[in-house]
Structure formats: C-alpha cells, structure tokens
Amino acid sequence: MSVCTAARNNACAHYGHRAAVGAPFPVRRPCTRKKENVMVKFILKRIGTMIIAMFMIILITFTLMHSIPGGPFTNTKGVPEEVTQAMEAKYGLDQPMPVQFVKYLGSLLHGDFGPSYKYTGKTVNDVDRMEFQTEEFYVKSTDEMYDLFSMVPEACENTNKIAEQCNFDFVFGDTKLPYFKAPDGMENQEYFEKLCYEGLERRYPGKVTDALRERLEYEIGVVKKMGYTNYYLIVYDFINYAKSRDIPVGPGRGSGAGSLAAYCVGITDIDPIRYSLIFERFLNPERVSMPDFDVDFCYERRQEVIDYVNRKYGRDHVAQIVTFGTMAARAAVRDVGRVMGMPYQDVDKVAKLIPTELKMTLNHALEVSPDLKAMYDAEPQVHELIDTSLKVEGMPRHASTHAAGVVITREPATEYVPLSTNDGLPVTQFNMVEIERLGLLKMDFLGLRTLTVIHDTEAAVRLHEPDFRIANLDYDDASTYAMLERGETEGIFQLESTGMTQVLVSMHPRSLEDVIALISLYRPGPMDSIPTYLRNRREPDKVTYKTPQLAHILDVTNGCIVYQEQVMQICRELAGFSFGQADNVRRAMSKKK
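Owing to the predicted nature of the structure, the values given are computational and were not obtained by experimental measurement.

S.K.: Would you mind going over the overall build of the chain with me for this structure?
M.R.: Counting its regular elements, the chain contains 25 helices and 6 strands. A buried classification covers 37% of the 593 residues belonging to the chain. Sequence separation of at least 24 residues holds for 65% of the intrachain contacts in the chain that already meet a minimum separation of 6. If you sum the accessible surface of the chain, you get close to 35,700 Å²; carbon and sulfur atoms cover 55% of it.

S.K.: I would appreciate a short explanation of the packing of helix H20 (residues 498-507) against helix H22 (residues 530-538) in the present structure.
M.R.: When two helices pack together, you describe them by how their axes are tilted relative to each other and by the distance separating the axes. Relative orientation of the contacting elements H20 and H22 amounts to 20°, with a least axis distance of 10 Å. Looking at the two axes, H20 sits roughly parallel to H22. Contacts between H20 and H22 pair Val503, Ser506 and Met507 from the former with Ile530, Tyr533, Leu534 and Arg537 from the latter. Residues that form the contact of H20 with H22 fall into these classes: 5 nonpolar, 1 polar and 1 charged.

S.K.: Sorry, what's going on with the nonpolar core here?
M.R.: Grouped burial of nonpolar side chains is what soluble globular proteins tend to show. If you look at the biggest cluster of nonpolar residues, it comprises 53 residues, and the most contacted ones within it are Tyr232, Phe238 and Phe293. If you list the elements that add at least two residues to this core, you get helix H7 (188-203), helix H8 (210-226), helix H9 (229-244), helix H10 (260-265), strand E1 (294-298), helix H11 (302-313), strand E3 (396-408) and strand E6 (441-448). At 10 residues, the largest contribution of residues to this core is made by H9. Setting aside residues up to four positions removed in sequence, Phe293 forms contacts with Tyr231, Tyr232, Val235, Gly256, Ala262, Ile267, Phe282, Met443 and Asp444. Among the nonpolar cores identified, the runner-up in size contains 19 residues, and Ile354, Met360, Leu362 and Ile386 belong to it.

S.K.: Is there a simple way to explain the packing of aromatic side chains in this structure?
M.R.: Per the counting criterion, the structure on display carries 14 aromatic pairs. Cluster of aromatic residues (ring-pair linked, three or more members): Phe192, Tyr228, Tyr231, Tyr232, Phe282 and Phe293. Note that Arg203 overlies the ring of Tyr263, its terminal NZ or CZ placed 4.1 Å from the centroid. For the cation-ring pair, Arg410 lies above Tyr179, with the distance from its terminal atom to the ring centre recorded as 5.4 Å.

S.K.: When you look at the packing of helix H12 (residues 329-340) against helix H16 (residues 380-392) in this model, what are you seeing that I'm missing?
M.R.: In the contact formed by H12 and H16, the axes pass within 9 Å of each other and the chain directions differ by 120°. The orientation of H12 with respect to H16, classified from their angle, is oblique. Classified by chirality, the crossing of H16 by H12 is right-handed. For the pair H12 and H16, the contacting residues are Ala332, Val333, Val336, Gly337 and Met340 in the first and Gln381, Glu384, Leu385, Thr388, Ser389 and Val392 in the second. Here the residues of the contact of H12 with H16 sort into 6 nonpolar, 4 polar and 1 charged.

S.K.: Sorry, what's going on with the pairing of strand E5 (residues 425-428) here?
M.R.: Residues in a regular strand point their side chains to alternate faces of the sheet. Pairing of strand E4 (residues 419-422) with E5, which is carried by 4 bridges, proceeds in the antiparallel orientation. Residue pairing across strands places Leu419 opposite Thr428, the latter belonging to E5. Connecting E4 to the antiparallel partner E5 that follows it, the hairpin turn spans 2 residues, and Asp423 within it adopts a positive phi of roughly 55°.

S.K.: Please clarify how the side chain of Asp271 should be interpreted in this entry.
M.R.: Within the secondary structure, Asp271 is located in the loop between H10 and E1. One buried charge, Asp271, has no salt-bridge partner; the nearest side chain with opposite charge is Arg274, at 6.5 Å. Here Tyr204 takes part through its side chain, which lies 2.6 Å from a polar atom of the side chain of Asp271. Those residues in contact with Asp271 that sit more than four places away from it in its chain are Tyr204 and Tyr263.

S.K.: Would you explain unusual backbone geometry in this entry?
M.R.: Most peptide bonds are trans, and most residues other than glycine sit at a negative phi. The backbone of Asp246 sits at a positive phi, close to 60°, despite the residue not being glycine. In this structure, Asp246 sits in the loop between H9 and H10. You will see that Gln494, though not glycine, has its phi angle at about 70°, which is positive. Mapped onto the elements, Gln494 comes out in the loop between helix H19 (478-485) and H20. In this structure Gln494 comes out as partly exposed when scored by relative accessible area, which is 41%.

S.K.: What exactly am I supposed to notice about a negative patch on the surface here?
M.R.: On the surface, Asp474, Asp476, Asp477 and Glu513 cluster together to form a negatively charged patch. Mapping Asp474 onto the fold places it in the loop between helix H18 (449-462) and H19. Judged by relative accessible area, which is 53%, Asp474 ranks as exposed.

S.K.: Would you mind going over the side chain of Asn284 with me for this structure?
M.R.: With respect to the helices and strands, Asn284 occurs in the loop between H10 and E1. Within polar-contact distance, the side chain of Asn284 engages the backbone oxygen of Glu280 at 2.7 Å.

S.K.: Could you clarify how one ought to interpret the pairing of E1 in this entry?
M.R.: Taken across its 5 residues, E1 has 4 buried, putting it largely inside the fold. Taken together, the 5 bridges between E1 and E6 define a ladder with parallel strand orientation. Residue pairing in the sheet places Val295 in a bridge with Phe445 of E6.

S.K.: Looking at this model, I keep getting lost on the pattern of salt bridges. Mind explaining?
M.R.: When the charged atoms of two side chains with opposite charge come close together, those side chains can pair. Throughout the structure, instances matching the rule amount to 21 salt bridges. A salt bridge links Lys312 to Asp237; its shortest N-O distance comes to 3.9 Å. With Lys312 in helix H11 and Asp237 in helix H9, this pair connects stretches of sequence that are 75 residues apart. The class of Lys312 is partly exposed, set by a relative accessible area of 37%. Among the ionic pairs, Glu458 bridges to Arg462, the shortest N-O distance being 3.1 Å. Of the two residues, Glu458 and Arg462 both sit in helix H18, 4 residues apart, roughly one turn of that helix. Judged by its relative accessible area of 11%, Glu458 falls in the buried class.

Thresholds, definitions, all that
- Residues numbered from 1 in each chain as written.
- Predicted model: local features only at pLDDT ≥ 70, side-chain atom pairs only at ≥ 80, totals over all residues.
- Heavy atoms only, no water.
- Helix = DSSP H or I, 4+ residues; strand = E, 2+ residues; numbered from the N terminus.
- Buried < 20%, exposed > 50% of the residue type's maximum accessible area, 1.4 Å probe, protein only.
- Contact = heavy atoms within 4.5 Å.
- Areas by Shrake-Rupley, 256 points an atom, 1.4 Å probe, with all protein chains shown as cover.
- Axes fitted to C-alpha atoms, helices over the stretch in contact; angles between N-to-C directions.
- Parallel < 35°, antiparallel > 145°, perpendicular 65-115°, else oblique.
- Nonpolar A, V, L, I, M, F, W, Y, C, P; charged D, E, K, R; others polar.
- Core = buried A, V, L, I, M, F, W, Y, C linked by side-chain atoms within 4.5 Å.
- Phe/Tyr/Trp six-rings, centres within 6.5 Å; stacked < 30°, edge-to-face > 60°.
- Lys NZ or Arg CZ within 6 Å of the ring centre and 35° of its normal.
- Left-handed = near helix turned anticlockwise from the far one by under 90°.
- Pairing = 2+ DSSP bridges.
- Lys, Arg positive; Asp, Glu negative; His and termini not counted.
- Salt bridge = Lys/Arg side-chain N within 4 Å of Asp/Glu carboxyl O.
- Polar contact = N/O pair within 3.5 Å; in protein donor to acceptor, adjacent residues only side chain to side chain.
- Patch = residues over 30% accessible without salt bridge, like charges linked within 9 Å, V, L, I, M, F, W, Y side chains within 5 Å.
- Charge placed at Lys NZ, Arg CZ, Asp CG, Glu CD.

Laid out in structure tokens, this is it:
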C-alpha cells in the first residue's frame, strides 16, 4: 500500500462522517507529505509542552501566593469550591475573580465565613479567643485591588462584569397586598361595600342618619381610591375566623378605631362616632405610609389565627418579622466589662451609676451622673471601659422574633425579602420599618393575657348566669368607678401600677371617658399636664383657653391637649389645614416617620 493510499484510508477512518472510504483523494508525493506531517506534529508538540509548562508555573505561583500572609489570596480557606464554580458558571467569567469577592459572595450564600459574633465566653486576654487571623478583612480601595492583582488585572475587571449583570432595584411606596377572593364569585369591592352597609344597620339599628351614611360612603371612597379594599377584607377575614372559633379578640386599638367602615364590618368594636375619633388619622390621601390595624388576641390561642392565615395564603407567603436588639448604655458596659476581664462587681458598680431613664446614652449619663464622671476621670480602667462601650453602644446585639409582627405577601415571601428561621419558623431578615417601606402587608397579631383572663372569667360566671355576656356590661356602673377611686386596681389592665393608681385616686373617676383620659395622660410628655388636668377638673372656673376657638375641642379634657385627634382638630380649625396635613403634624409631634 502506498503512503498516499494509507493517508487517505487513515483520513477516511478518522473523518468518516465527512469522507467515504474509497472516495477520490488528492495524490501527493509520498516523501513530501511525510516530511510535512512530521514537521507539523513536532511544532504542535513543542507548543503544547510550552503551554503546559506555563500553566504549571502559573499554578505554582498562585499556590505560593495563597500561603503568603497579607497576599491577595490570603484567607481563602473555607471558601467552598462550589461557590467559585457556581459564580464562574453563572456569570460566564473567563478569568479568575478576586478571592475577597468570592469570599464575600460565599458569606452571603452560606453565612458561615469570618468570625462569629456569638458570645464565646472569652476575654481579650485569652490566647485562644475567636479573632481575625489577618488584617486583610476590610473593603479595599480600587487602587489596592489592582495593585494586589497586577498580574491578572482581568480579575478586578470581572467584578464589574458581575455588577453590570446585577439589575435589581427595591421599589418603595408600591403597596403589594395579598390576593383576597370574595365568596360567591363577588367582586371584592362589591363584597366590601355589602359588609359595610349591612354592618351599619347592625351597629345602629333604627338610628342610621344621613350623616352616618355620608361618613361611611366617604370612608369607602377613600379606601377604594387608595387601593386598600383588600386590606380591610383580609383583616376582617381572620378576625371573623377568630370570633367564629370563640377565640377572644380585642375591641381595637390605635388609629384603626377611628374608621367607621372597620366598625361596621366588625374589625373593631369601638364606636368612632361616640368617641369623636377621626378617620383621617388612620387613612387619608396624603398619608405617606400604609395604615395599620393592631389586633389583640388571646395569648393562648393567638397561634391558631396565624395558622389559619398560613393555610389560607400559603405557608410560603407568611413569615414573622425579625427585631434587632441593640446595645443600650448599661448593656454595653456590662458586655464590654466582661470581655475586658474586669471583676463583675467593678463592672456592676459602673453600670448602676448609669440612670435608668428612657433613651439614656453613655454621653448623657456622663453629663447627669457626677459619680460616673468622677470614676471616668480618675480610674484608667473605667475610662477604657466607657470609651470602648461608646464604640459599641447602639449597635445590634442580637436578632429575635418580633412579638406580634407578621408579614403576608402576594407572591412567596422569598420574592420580596430574605428569610431565616427561628425555632423552625420563617422570619424575615428585614425589620418592620423596612417591611413597611417595601409596601408589604404587615400585621400585628398581639397576644394579650388580659383577654384570656376576661374570657376565662366570663366562662366561670356563665356557670351561674348562663346569659352573662361581657359585651353587654354597662359602662356607667357607679360601683365600678367607686372601686377605682378607692385604688383597688390590682389586676386591671393598664391601671394597676403604683403611679397610675395614685393619680386615679386623686382623679375620682366617674365615667369611662375619665379613665381613657388618664391612660392617655400617663405617659412621657403628657404626664406634665396631669397636675393642670386634675386642678381644672376640681375647679372648672380656672380653665382658660388661648382662644375661644379651642373651647369646644378641649372642654372634654379640662382645657388640656390630651389626644392626638385634638391636635388634628386644632390644626384644621385654627390653621386651616386639611386632615392630611393635620395628620402630618400629628405624626411629627409623635416622632413617627
């Protein structure tokens, strides 16, 4: 067989899908063809050897750099290989990425890189304490990164490739209410209005006036215009479920009690007309944040309501909300003192010199506590303790689950917020403020022990009086107010503290409105008006007003501004503000965003 024939047969065997055996093949001189093939193979072999050698040199160099303290590849131990592979496969990178960036991405994906901030029981003097092994754990500048990766600048450029492929923006102010399906194929708006008008007749039997209808129609219009019909229906639905299962539900609290529509459908049980409550405090076209119904449930059966919401909207659509505990002044001193290895009694002595006032800070404590300031100036260890505590004061100390907050989402919750777990239950990693800014439905399912006590007491009374109902009690029972006047307040919700009892005895309450006013006054800020309120109550002739226009607004509170609704009325009548503008003033005064 000639050389050319052999070459042709070899080619046909190798490229059989392109050339058939026996097909014509160009005939070359045997000797020339053989020499050319040998030369090409020799060149390709040498090039291949050089490429392999260069690859080995680069690999060895990178391996050595990996072990150099402070080098660009320092501290890559613990980076899962699947992280780097996944990132390269995901973004189609043809060059290595900076290891710092890979580790950062890995920490987001796995959450197990770097030092843990959990309490380890170690002090700064312990050799085996948890600490960073190098000083490379910081966000390097662009110039630093390019210097570190001068041999492969493409690695830095690849981080831009990743950034350019990230195209996500948070959308704030866009309400994302869950879907609610009305029964019997009705439209949600139609169903909501049906509940409202039926409730109006039920709440005011034979007493429905044109003013009531006008107020209800106005509220329905605002709710519809602002897109909160589903919100009302969702809240109505789970409250109705609780009541149908004999789960105690509170009558309502907060601004939601000002809604006549909520009263009619059964969300609240407080008559906003009787108590002159303003709907615009809860909802108005100028409101910048979502409205919020705070609902109290029996603390023993609260979880049943949450379970119902889980079943109705899907477990992947419901999550509880995280809350972050921060380092308060005293806690910061105690934690830092423990880490510094100071004796407990010494740290405790310093901590107790910090006043227990609300929102107390270390800087303010040094101003108002002479003994603390003296120790700070005289004792170097205390000076270091407080200086270090100042650096951590206000920082997050731990994460836990909010006692009441639950978020319900339209799509699975993971489409909107990152989740973690606490005791096996899904918890958002955004707090309540951030949840609200994202336009998600945040509900407060409050567990109230008092509701449980009332329910159990009612059941006990029914053993002797089967027709007894707590809802049918008379709010004008003189013997009840006489009991309060004697200071017999133990076990009475919001009235049993020593200070509250003392004021209650001085007040001589005669009506529910008196008790409501006291509860509103007995809090930081309004407390300063308690002496004036009590004096004016005893001596009505001493009540004075800056202008006669205030008389009909403040006469129910003895000339004192007690309620936020009064602030709104004053802004409306004296300044000519709209209800929306008046509500903004109210929110500013209460320091709400």
